Amino acid sequence: MQVHQIFFGLKSTGEAEEMQSDSALQDLAFEALDSFQIEIPSWGFANTGTRFGKFLQPGAASTLEEKFCDAGQVHKLTGVTPTLALHVLWDLPNGVGDAATVRALESQYGVVAGSINPNLFQDQEFKFGSLCNPSAGIRERAVAHMLDSVDIARKLGSRDISLWLPDGSNYPGTQNIRKRIGWLEEALQQTHAKLGPEQRLLVEYKPFEPAFYHTDIADWGMAAHLAAKAGPQARVLVDTGHHYAAQNIEQIVAWLLHTGMLGGFHFNDRRYADDDLTLGSIDPYQIFRIFHEIQLSGKDALGQIAFMIDQSHNLKGKMEAMVQTVAAGQELWLKAALVDREALDPLQEKCDLVAAEELFRGAFWRDVRPMLKEWRRMRGLPEDPLATLAESGYVQRISVERGSKLAPVTSYA
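What this report covers is the structure whose coordinates are included nearby. (Residues numbered from 1 in each chain as written. Predicted model: local features only at pLDDT ≥ 70, side-chain atom pairs only at ≥ 80, totals over all residues. Heavy atoms only, no water.)

## Some points on the side chain of S158
Note on placement: S158 falls in the loop between α6 (136–156) and β6 (160–163). At 2.7 Å, the side chain of S158 and the backbone oxygen of G114 are in polar contact. With near-sequence residues (within four places) excluded, S158 lies in contact with A113, G114, I116, A153 and Q199. (Helix = DSSP H or I, 4+ residues; strand = E, 2+ residues; numbered from the N terminus. Polar contact = N/O pair within 3.5 Å; in protein donor to acceptor, adjacent residues only side chain to side chain. Contact = heavy atoms within 4.5 Å.)

## Side note on the nonpolar core
If you look at the biggest cluster of nonpolar residues, it comprises 105 residues, and the most contacted ones within it are L86, L131, F265, F291, I294 and F307. Top element by residues in this core is helix α12 (residues 318–337). It accounts for 9 residues. Apart from the residues within four sequence positions on either side, F265 is in contact with L237, V238, V253, I290, I294, I305, A306, F307 and M308. (Core = buried A, V, L, I, M, F, W, Y, C linked by side-chain atoms within 4.5 Å. Buried < 20%, exposed > 50% of the residue type's maximum accessible area, 1.4 Å probe, protein only.)

## Considerations on a nonpolar patch on the surface
On the surface, a cluster of nonpolar side chains totalling about 260 Å² of accessible area is made up of L89, W90 and F121. Examined against the element boundaries, F121 turns out to sit in the loop between β5 (112–117) and α6. When its relative accessible area of 32% is taken as the criterion, F121 is described as partly exposed. (Patch = residues over 30% accessible without salt bridge, like charges linked within 9 Å, V, L, I, M, F, W, Y side chains within 5 Å. Areas by Shrake-Rupley, 256 points an atom, 1.4 Å probe, with all protein chains shown as cover. Salt bridge = Lys/Arg side-chain N within 4 Å of Asp/Glu carboxyl O.)

## Description of unusual backbone geometry
Working note: non-glycine residues mostly have negative phi, and peptide bonds are mostly trans. With an omega dihedral of 10 degrees, the bond running from E209 to P210 counts as a cis peptide bond. Relative to the assigned elements, P210 resides in the loop between β8 (200–204) and β9 (214–215). Although it is not a glycine, E209 sits at a positive phi angle of roughly 80 degrees. Relative to the assigned elements, E209 resides in the loop between β8 and β9. Given the relative accessible area of 27%, E209 is considered partly exposed. The phi dihedral of D276 is positive, around 60 degrees, even though this residue is not glycine. Here D276 is to be found in the loop between β11 (262–267) and α10 (284–296).

Next comes the structure, spelled out in structure tokens:
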């Protein structure tokens, strides 16, 4: 077999399945699992909320060290989360001055800094926009923050600067949309010019929120245009929650792969909008379909795609939810790796719709948990990371230690 067939092909039914030994199947599954790593977000361990308020958790992280501690624990349990995404201002209020602290925490907790996320929504002067603000002075300060973020990433050895831009407007006629496009192109070109040779600028998009009339980067086409305008080290970042309910996200992924513009993902799940739910909790078949498109591109493409989680939980325990999401991602990645693409291709060519769909669906419905459990055992990892987390007492311990710092919550009867 060729390398592509070994990694992505699987004789999973009938005669083909009988011909393949258990050893070969295990090798295939293990190679797929070894190829999958996913970055976890610092803000996923902290107390967050909705526009209406927060439900506080006693075990939530409130310091950078607590976030690293939690991330290190997730990596020990799963073995596939070696990097922690950091948010400028939330995690690095002193900019590059916090680099030494981060380095010490990396060494202590066994995970390293991942993508660096600029913060262009927190400052009050960004009320009417940051990189797209009508005020030239405010735009300059927003660009300066982007350049600081590039410096932070370089100091920490982080490849990706991950930009989510909240800019937009709420009412028709209140902003000049085309002027804002020009300002944004200019700002991203300035940022790109500051990138080191190994760094990338990932441009995220979102159709609405916090702006409700128009958002300056509302879809993948706008993001791809802006990345192309910025320069050759810019790519598009796809957040699975940032789409209209009926959108075919895997088709978007296929287009971005085809054009060489796919830089990475923020994974979460949603029922209505940007709900930040655990991966696969609403539509696991969608993530499977996305992974299928990625794996069609072969192994070389994988190194250019950043897999990241972006979710924050108000009701589920933060540690439990993070482990649950990582495990779900591994299961869906393995399911997609077990699609028999060698058999699927001719079925697609002759438009044998039922057979093609059944082959595809069969891989999705396959129970891969025994293979994943064996992979963990062979890699010296807990066979059931969620159960091991519960048995370890870690959540109970941090809830006691950190909960004592929570301010009392007023109850209105």
